[in-house]
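Residue strings, one per chain:
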Amino acid sequence: MNLSDSQTGGPGPRRVSAMEAVLGHLRGAIERGTYAVGDKLPSEAELCRTLEVSRPVLREALRALQTMGLTVSRTGRGTFVVADRVDEPTFGDYTAGHLLEVRRHVEIPVAGYAATRRTPDDLDRLGRLLDRMERETDTTAWVAMDSLFHLAVAEAAQNPVFRRVIEEIRDALARQSAFLNELGGRREQSNREHRAIVEALVDGSEHDAVQAMSHHLDRVETTLTHIVRAGHPDTPPGGGPGA
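Residues numbered from 1 in each chain as written. Predicted model: local features only at pLDDT ≥ 70, side-chain atom pairs only at ≥ 80, totals over all residues. Heavy atoms only, no water.

A few points about the overall build of the protein chain
Within the protein chain one finds ten helices and four strands. Written out in order from the N terminus, the α and β elements of the protein chain read α-α-α-β-β-β-β-α-α-α-α-α-α-α. The proportion of buried residues among the 243 residues of the protein chain is 44%. When contacts within the protein chain are restricted to residue pairs at least 6 apart in sequence, long-range pairs at least 24 apart make up 66% of them. About 12100 Å² of surface is accessible on the protein chain, with carbon and sulfur atoms providing 48% of the total. (Helix = DSSP H or I, 4+ residues; strand = E, 2+ residues; numbered from the N terminus. Buried < 20%, exposed > 50% of the residue type's maximum accessible area, 1.4 Å probe, protein only. Contact = heavy atoms within 4.5 Å. Areas by Shrake-Rupley, 256 points an atom, 1.4 Å probe, with all protein chains shown as cover.)

Thoughts on empty space enclosed by the protein
Across all of its chains, the model carries one cavity of 30 Å³ or more by this definition. Considering the residues around the largest cavity, the lining is formed by 15 residues, among which Arg103, Asp146, Gln176, Ser177 and His216 are closest to the centre. Contributing elements (two or more residues each) for the lining of the largest cavity: helix H6 (139-156), helix H8 (170-184) and helix H10 (206-229). Per element, the largest residue contribution to the lining of the largest cavity is six residues, and it comes from H8. Residues that form the lining of the largest cavity fall into these classes: five nonpolar, seven polar and three charged. (1 Å grid on protein atoms, 1.4 Å probe; cavity = no way out; pocket = protein on both sides within 12 Å on 5 of 7 lines; lining within 4 Å. Points joined across faces, edges and corners; volume = space filled by probe spheres on them. Nonpolar A, V, L, I, M, F, W, Y, C, P; charged D, E, K, R; others polar.)

So, H6
Across its 18 residues, H6 extends 26 Å between first and last C-alpha, which sits within 8% of the 26 Å expected from 1.5 Å per residue. Listing the buried residues of H6 in full gives Trp142, Val143, Met145, Asp146, Ser147, Phe149, His150, Leu151, Ala152, Val153, Ala154 and Ala156. Two or three places before Thr140, at the opening of H6, Asp138 has a side-chain oxygen 3.3 Å from that residue's backbone nitrogen. Immediately downstream of H6, the backbone of Gln158 shows phi near 60°, a positive value. (Expected span 1.5 Å × (residues − 1). Polar contact = N/O pair within 3.5 Å; in protein donor to acceptor, adjacent residues only side chain to side chain.)

So, the packing of aromatic side chains
Counting across every chain of the model gives two aromatic pairs. Consider the rings of Phe91 and Phe179, whose centres lie 5.4 Å apart with planes at 70°: the pair is edge-to-face. With a gap of 88 residues between them, Phe91 in strand E3 (residues 90-91) and Phe179 in helix H8 connect regions that are remote in the sequence. When sorted by exposure, Phe91 lands in the same class as Phe179, which is buried. Here the aromatic rings of Tyr113 and Phe162 are separated by 5.8 Å at their centres, their planes lie at 25°, and the arrangement is stacked. Placement of the pair is Tyr113 in helix H4 (residues 96-117) and Phe162 in helix H7 (residues 160-168), with a sequence separation of 49 residues. In this structure Phe162 comes out as buried when scored by relative accessible area, which is 17%. (Phe/Tyr/Trp six-rings, centres within 6.5 Å; stacked < 30°, edge-to-face > 60°.)

A look at the side chain of Arg186
Mapped onto the elements of the fold, Arg186 is located in the loop between H8 and helix H9 (187-203). For Arg186, the side chain forms a polar contact with the side chain of Glu193, separated by 2.7 Å. Excluding anything up to four places from it in sequence, Arg186 contacts Leu180, Asn181, Glu193, His216, Arg219, Val220 and Thr223.

Things to note about the pairing of strand E2 (residues 78-81)
The side chains of a regular strand alternate, residue by residue, between the two faces of the sheet. In this structure, strand E1 (residues 71-74) lies alongside E2, joined through four bridges in antiparallel fashion. In the sheet register, Arg74 faces E2, and the bridge partner there is Gly78. Where E1 folds back on E2, the antiparallel hairpin that results is connected by three residues, among which Gly76 adopts a positive phi of roughly 80°. (Pairing = 2+ DSSP bridges.)

Some words on the environment of Ser73
With respect to the helices, strands and loops of the structure, Ser73 is situated in strand E1. What makes Ser73 partly exposed here is its relative accessible area of 46%. Measuring from C-alpha to C-alpha, the distance between Ser73 and Arg63 comes to 8.9 Å, with ten residues separating the pair along the chain. Apart from the residues within four sequence positions on either side, Ser73 is in contact with Gln66, Gly78 and Thr79.

Honestly, that's just the spatial picture; any functional story needs more than this.
Structure, rendered in structure tokens:
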């Protein structure tokens, strides 16, 4: 079985990476019961041979399975199935729903404050960071800048408590960003949403900044929900993380 980058996700325009193909295969096997709760997955070497993929690609897929809550990795023992259905991804210490709830209550008003309080240095920092993000092609580097972007918006609000909150969830934001980019192809869309936020800050429009950040978080939630529902389309509309 060769799960290569040449595969596509159907009629949609976005290509499916080798990692996504491996993840889809393993997730499907778990949800169908081929690998039941309590079962140990085959070894990395065996999965690489069977699926004809490299070990780095396989390990990315295994990490995504853990983020989805389907498996756990036990040092020296292997990877074990702990659930047969994705309920909610977890990013570090926080579930997707908890993270989104806090982000809506913090980052949306923060964007409004930033629009009225930002300094020329804040705008310069955000503009240069966004220019770098729009040019960046390496996902790992882009993810690091993504969390810096949200931290810079919090700094522009001129309230150290907001910065501290974003610092607390910064690792989770980076994990979520990597997850959405790997499985949701969100990088270009995120760049456009970030640009809208920065433009609102430049204009000093509290209303537009709030709307731009709200839209950004709405799109994050929509992508997360789509990823979760992909394995069980019977989920009713509105279901999924953050609902």
